[in-house]
Every structure is written in C-alpha cells, then in structure tokens.
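Letter by letter, the chains look like this.
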Amino acid sequence: YSKVLNIKFHCPEPLMKVQLYKNGNSSEVYEAILVDNGQLVDPTYEALLRQEKKLDRTLPFLALPVNDMEKKVQNDITTIIREMRPELRKKLSGVIVNDNKELTIILSISGNPSSVFMGPDEWAEKIAKLDKIVNYMELKEKVPSVINLTNSKKVVVKFKDKIL
C-alpha cells in the first residue's frame, strides 16, 4: 500500500482570442481563449500563461456570432489553425466567421493587411493553397491586399494600387 499521489497537468496551447457577439447587437461581446484541444477556456488563462512567461506572442482574434459557436465550426477552426505552418500562423491577425458560416482570415504580411476570403467549406484544402500563395508572394516581395479562395477551383489575388 503506497501513499503516492500522481497528478498530471495538461496545459493546452492557446490558439486564439475568441470574441462571441450576439447577432444584431455587437455591443454585447463574450470573450474566451480557444486552445489546441478545441475547447474554450476563460480569458484569464492567457494572463496566467503570460505571467508565467509561457506565452510571449500576440494571439490572433476569432470573431463569431454566438449562435455559430457550434462544435463543428469550433473544431474545424481549431484544426486548421493548429495544423498551419508556424510561419503562416505568425502572420495570422484575425479570423472571422460570419452569419453564413463563411470564413475570412486577416493576415499581416510585412506589416500590411491581407484579407483572405475562404468561403463556407473546404477550409483545410484552402489553407494549404493559402500557404503556397503567401510563400510565393513573399519570395516575389509582393503583398496581396485580397486573396479570394471562395471557389476552390480558382484563386483570385488582388494587389493594392499605391498612389504616392
């Protein structure tokens, strides 16, 4: 008979700050942290990790209407963010799921914003395409202002006209 107590702690990796807003009333906002196991945890988890120096990067934002916070959407977003190449994930500034469950990603590439329209489906496949596009554009030293991946068969990349 032994008097040993084993405790196993699991500290999931924070992926995003989540802002849940009520449809039609964006002034009522709830916040949480989306972690790598797909769960939403209290925002104080981020503060605790920062205090313990376990988190030193800025977390991107995820904005969702409250009624869209269903398990499938939550798990799909968790999967694509968790499986993103680290270099691409570092460029992630925000993720928005609208009322039609269409995904929009905001990237910060060389300090410039790029909006990526992903549409309502095939997000994992489109993220792979996005990664290739961003990689290629960085090699060419070009920053797209809009990347439209809503149609998985066709990619549209637009650049901002610079007026000096």
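Note that this is a predicted model, so its numbers are computed, not measured.

**So, the overall build of the chain**
A tally of helices and strands in the chain yields four helices and nine strands. Ordered by position from the N terminus, the helices and strands of the chain form the series β-β-β-α-β-α-α-β-β-β-α-β-β. Within the chain, buried positions represent 36% of all 164 residues. For the chain, the share of sequence-separated contacts (at least 6 apart) that also reach a separation of at least 24 residues comes to 49%. Of the roughly 10,700 Å² of accessible surface on the chain, a fraction of 52% belongs to carbon and sulfur atoms. Across the chain, 26 positive and 22 negative side-chain charges occur, with their mean positions spaced 4 Å apart.

**Some remarks on the side chain of Ser145**
Here Ser145 is to be found in strand S8 (residues 144–148). Judged by relative accessible area, which is 18%, Ser145 ranks as buried. Not counting residues up to four positions away in its chain, the partners in contact with Ser145 are Pro113, Ser114, Ser115, Lys158, Phe159 and Lys160.

**Brief notes about the pairing of strand S5 (residues 92–97)**
Along any regular strand the residues' side chains alternate between the sheet's two faces. Where strand S4 (residues 61–65) and S5 come together, three bridges link them in parallel fashion. Within the sheet, the bridge partner assigned to Ala63 lies in S5 and is Ile96. With five bridges connecting them, S5 and strand S6 (residues 103–109) associate as antiparallel partners. From the neighbouring strand, Leu92 faces S6, where its bridge partner is Leu107. In this structure, the hairpin formed by S5 and S6 is closed by a connection of five residues, where Lys101 is found at a positive phi of approximately 60 degrees.

**Section: the packing of helix H2 (residues 71–82) against helix H4 (residues 123–139)**
Pairs of packed helices are described in terms of their axes, by the angle between the two and the distance that separates them. Packing of H2 against H4 brings their axes to within 10 Å, and their N-to-C directions diverge by 25 degrees. In this view, H2 runs roughly parallel relative to H4, as classed from their interaxial angle. H2 and H4 meet at a crossing whose hand is right-handed. In this structure, H2 uses Asp76, Ile77 and Ile80 to contact H4, whose residues at the interface are Trp123, Ala124 and Ile127. In terms of residue class, the contact of H2 with H4 is made up of five nonpolar, no polar and one charged.

**Quick notes on the nonpolar core**
Ranked by internal contacts, the top residues of the largest apolar core, which has 30 residues, are Met16, Leu62, Ile77, Ile81, Ile105, Leu107 and Leu130. For this core, the elements supplying multiple residues, two or more each, are strand S1 (14–22), S4, H2, S5, S6, strand S7 (112–119) and H4. Ranked by the residues each element gives to this core, the list is headed by H4, at six residues. Not counting the four nearest positions on each side in its chain, Leu62 is found in contact with Met16, Lys17, Val18, Gln19, Leu34, Ile77, Val95 and Val97. Counting six residues, the second largest nonpolar core, distinct from the first, contains Ile33, Leu49, Leu55 and Leu59.

**Some details on helix H1 (residues 44–51)**
Where H1 is concerned, the buried positions are Tyr45, Glu46 and Leu49. Looking straight down H1, one finds that the buried residues subtend no more than 100 degrees of arc, so they occupy a single side. Along H1, exposed side chains directed more than 90 degrees from the buried face belong to Thr44 and Gln51.

The rules we used
- Residues numbered from 1 in each chain as written.
- Predicted model: local features only at pLDDT ≥ 70, side-chain atom pairs only at ≥ 80, totals over all residues.
- Heavy atoms only, no water.
- Helix = DSSP H or I, 4+ residues; strand = E, 2+ residues; numbered from the N terminus.
- Buried < 20%, exposed > 50% of the residue type's maximum accessible area, 1.4 Å probe, protein only.
- Contact = heavy atoms within 4.5 Å.
- Areas by Shrake-Rupley, 256 points an atom, 1.4 Å probe, with all protein chains shown as cover.
- Lys, Arg positive; Asp, Glu negative; His and termini not counted.
- Charge placed at Lys NZ, Arg CZ, Asp CG, Glu CD.
- Pairing = 2+ DSSP bridges.
- Axes fitted to C-alpha atoms, helices over the stretch in contact; angles between N-to-C directions.
- Parallel < 35°, antiparallel > 145°, perpendicular 65-115°, else oblique.
- Left-handed = near helix turned anticlockwise from the far one by under 90°.
- Nonpolar A, V, L, I, M, F, W, Y, C, P; charged D, E, K, R; others polar.
- Core = buried A, V, L, I, M, F, W, Y, C linked by side-chain atoms within 4.5 Å.
- Arc of directions from axis to C-beta.

Purely geometric numbers; function is a separate question.
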